[in-house]
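Here are the chains, one letter per residue:
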Number of protein chains: 2
Amino acid sequence: MTDYYSSHPRFFVSVDCIIFGLKDGKLNILLTHRAFEPEMGKWSLMGGFVERDESVDDAAARVLRQLTGLDNVYMHQVGAFGRIDRDPGERVVSVAYFALLNANEADSELLRARGAQWTPVDELPELGFDHPEMIEKAREVMRRKFVTEPLAFELLPELFTLTQLQTLYELVMAQPLDKRNFRKRIAEFSCIEPTGQIDKTGSRRGARLYHYNPAVSADTFSFFKI
Amino acid sequence: MTDYYSSHPRFFVSVDCIIFGLKDGKLNILLTHRAFEPEMGKWSLMGGFVERDESVDDAAARVLRQLTGLDNVYMHQVGAFGRIDRDPGERVVSVAYFALLNANEADSELLRARGAQWTPVDELPELGFDHPEMIEKAREVMRRKFVTEPLAFELLPELFTLTQLQTLYELVMAQPLDKRNFRKRIAEFSCIEPTGQIDKTGSRRGARLYHYNPAVSADTFSFFKI
DNA sequence: TCAAAAGTGTTCAGGGTACACCCATGG
DNA sequence: CCATGGGTGTACCCTGAACACTTTTGA
């Protein structure tokens, strides 16, 4: 029975995380400055090898936790990347995941310690490996899922204004949206509930703060057609 | 530099192909009866290990070619499957691909020789490994891409009738479509060209045969909203 | 002559899209 | 008092959906 396997090669298997967060009204991703070979000195996605005692999904969650200190973060597989020479050092097959989190919740100490930095998606530096391709694919998958699933609330803080929500959709969809039409649509979703609170930081007048109630949404889904 | 890698384990990496084809007016997939361990005696997807001199994508294309004799078949990655115990024999990370082909073009000698058999998707036997999960995911991805890309023509013969095309969409979308609305939509696509020919096998009256011209379609895309 | 599939237009309603002005407040 | 962002309703058009009968021909 072992013969079935033994004539074949084994490879390192890694995971790479495309971690999205909102920062200064822009969509950012977490990049690290590599302090070791291969690709030392270049910017790259946060990654790590899959170990014996963990599934590939678990490895991705671990890498994310080690970098941000966060658990229970929304993650989704983007796909496997398996070009022969994608890693200049060794043959490595990598599985990419994207993660969505509230940038303020990430442990900034840990980020600093690991040389990680939030970078706007439209100002990415040159990246090592096949990471540009991974990011491209991740944005594509993210955009698609954004339309049909309530992913926005993974990126926003607990309480948010409708302007923040709209801006986020405009960022991800890469197109401007009509304010009145947007709010009309939102009003139909009972899962987006107004709290009594007002945010005074964004304007003189102040804006109503909403929060997302996943319990309500459960029955009312397919999300946006914007 | 090697230290960076060497402390980590290596795994077998395999590919599994979900091969879709039309057979007797139904959507079928190719299954093989396993003549060896692990999972001997069970039905399974056609798979194989990734070798040192090929990318993961290439491995999938090779496995497909070895089974069907076909090259240049439409294939698309479904994702990586990395549960620890997904293969009872060894730790194997597998990357699933779906393929679309015209069932009549597959080399039936090869299929017989390898114990492969077309099986309707709604009559699948019990399958080994995590193959049911892979098939589920593959159908989902396929359905999604079917709406926005001209994948139907990968499954149909070179010349096809509009009834065949509609039946295929109904199969994949799992819902009945209105004949007149369907044909109205088709008429808008200049890439679906009538040939002068008539198919007399499906009806007494005979039906016009069409063919797909990818050159024309290039500029006119996003496909169906059905 | 009849069974069986091919082929063909119109009507209606709902939803998406476009659009402009008043409100509240801090400085 | 004014600059800044917050908040609100209506009208139109287009597209998706529903719907039934005639044509052709082999058996």
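What counts and what doesn't
Residues numbered from 1 in each chain as written. Chains lettered and ligands numbered in written order. Predicted model: local features only at pLDDT ≥ 70, side-chain atom pairs only at ≥ 80, totals over all residues. Heavy atoms only, no water. Contact = heavy atoms within 4.5 Å. Buried area = accessible area lost by both parts, 1.4 Å probe. Salt bridge = Lys/Arg side-chain N within 4 Å of Asp/Glu carboxyl O. Polar contact = N/O pair within 3.5 Å; in protein donor to acceptor, adjacent residues only side chain to side chain. Helix = DSSP H or I, 4+ residues; strand = E, 2+ residues; numbered from the N terminus. Nonpolar A, V, L, I, M, F, W, Y, C, P; charged D, E, K, R; others polar. Pairing = 2+ DSSP bridges. Axes fitted to C-alpha atoms, helices over the stretch in contact; angles between N-to-C directions. Parallel < 35°, antiparallel > 145°, perpendicular 65-115°, else oblique. Buried < 20%, exposed > 50% of the residue type's maximum accessible area, 1.4 Å probe, protein only. Domains from an automatic or database assignment. Near = heavy atom within 4 Å. Left-handed = near helix turned anticlockwise from the far one by under 90°.

Things to note about the interface of chain B and chain A
- Across the boundary between the two partners, chain B contributes 35 residues, which contact 35 residues of chain A.
- Summed over both partners, the interface of chain B with chain A buries about 3600 Å², with 64% contributed by carbon and sulfur atoms.
- When the buried surface of chain B facing chain A is broken down by residue, Tyr5(B), Arg10(B) and Phe12(B) rank first, second and third, together holding 20% of it.
- Counting across the interface, chain B meets chain A through two salt bridges.
- The salt bridge involving Arg10(B) is made with Glu90(A); its shortest N-O contact spans 3.9 Å.
- Where chain B touches chain A, the interface holds 17 residue pairs in polar contact (both at pLDDT 80 or more).
- Mapped onto the side of chain B that touches chain A, the elements with two or more residues apiece are helix H1 (2–6), strand E1 (10–23), strand E5 (74–81) and strand E6 (92–100) of chain B.
- Among the elements that make up the side of chain B that touches chain A, the one with the highest residue count is E1(B) (four residues).
- A class-by-class count of the residues in the side of chain B that touches chain A yields 17 nonpolar, six polar and twelve charged.
- Strand direction decides the pairing type here: strand E1 (residues 10–23) of chain A and E1(B), joined by three bridges, are antiparallel. Of the residues in E1(B), the one forming a bridge with Arg10(A) is Phe12(B).

A short note on the packing of helix H6 (residues 162–173) of chain B against helix H7 (residues 179–187) of chain B
All names here are of chain B.
- Packing of H6 against H7 leaves a shortest axis separation of 11 Å and a crossing angle of 105°. Regarding the angle of H6 to H7, the classification is roughly perpendicular. Residues Leu-162, Thr-163, Leu-165, Gln-166 and Tyr-169 of H6 pack against Lys-179, Phe-182, Arg-183 and Ile-186 of H7.
- Taken together, the residues of the contact of H6 with H7 break down into five nonpolar, two polar and two charged.

Section: the pairing of strand E7 (residues 116–120) of chain A
All names here are of chain A.
- In terms of residue burial, E7 counts as a mostly covered element, since four of its five residues are buried.
- Where strand E2 (residues 26–33) meets E7, five bridges bridge the pair, whose relative direction is antiparallel. Note that in E7 the partner of Leu-30 across the bridge is Trp-118.

Some words on the domain arrangement of chain A
All names here are of chain A.
- Domain annotation for chain A reports domain 1 (3–146) and domain 2 (152–217).
- Here domain 1 and domain 2 have C-alpha centroids that lie 29 Å from each other.
- On the domain 2 side, the residues contacting the 13 residues of domain 1 number ten residues.
- Between domain 1 and domain 2, the buried area comes to about 1100 Å², and carbon and sulfur atoms account for 72% of it.
- For the pair domain 1 and domain 2, the number of links is zero salt bridges.

A few points about the protein's contact with DNA strand C
- Taken together, 21 residues surround DNA strand C, and among them Arg205(A), Lys179(B), Lys184(B), Arg205(B) and Arg208(B) come closest.
- Considering DNA strand C, the proportion of its atoms within 4 Å of the protein that are sugar or phosphate atoms stands at 40%.
- At a separation of 3.4 Å, a sugar or linking oxygen of DNA strand C approaches a polar backbone atom of Arg204(A).
- Note that a base nitrogen of DNA strand C is positioned 2.7 Å from one of the side-chain N or O atoms of Lys179(B).

A word on the protein's contact with DNA strand D
- In the vicinity of DNA strand D lie 21 residues, with Lys179(A), Lys184(A), Arg205(A), Arg208(A) and Arg205(B) positioned nearest.
- Take the atoms of DNA strand D that sit within 4 Å of the protein: sugar and phosphate atoms are 39% of them.
- At 2.6 Å from a base nitrogen of DNA strand D is found a side-chain nitrogen or oxygen belonging to Lys179(A).
- Within the side chain of Asn181(B), one N or O atom sits 2.9 Å away from a base nitrogen of DNA strand D.
- Contributions of two or more residues to the surface near DNA strand D are made by helix H7 (179–187) and strand E9 (207–212) of chain A together with H7 of chain B.
- Across the surface near DNA strand D, the residue classes break down as one nonpolar, five polar and 15 charged.

Focus: the packing of helix H4 (residues 131–148) of chain B against H6(B)
Residue and element names in this part refer to chain B.
- H6 packs onto H4 with a crossing angle of 140° between their chain directions and a minimal axis gap of 9 Å. On the basis of the axis angle, H4 is oblique to H6. Between H4 and H6 lies a crossing whose hand is left-handed. Residues Met-142, Arg-143, Phe-146 and Val-147 of H4 pack against Leu-168, Tyr-169, Val-172 and Met-173 of H6.
- Each residue belonging to the contact of H4 with H6 can be placed in one class, and the counts come to seven nonpolar, no polar and one charged.

Digging into unusual backbone geometry
Residues and elements named next belong to chain A.
- Backbone geometry at Asn-72 places phi at a positive 55°, although glycine is not the residue there.
- Relative to the elements of secondary structure, Asn-72 occurs in the loop between helix H2 (56–68) and strand E5 (74–81).
- Look at Asn-72 and you get exposed, because its relative accessible area is 78%.
- A positive phi is found at Ala-174, a non-glycine position, where the angle reads about 55°.
- By relative accessible area, Ala-174 is classed as exposed at 65%.

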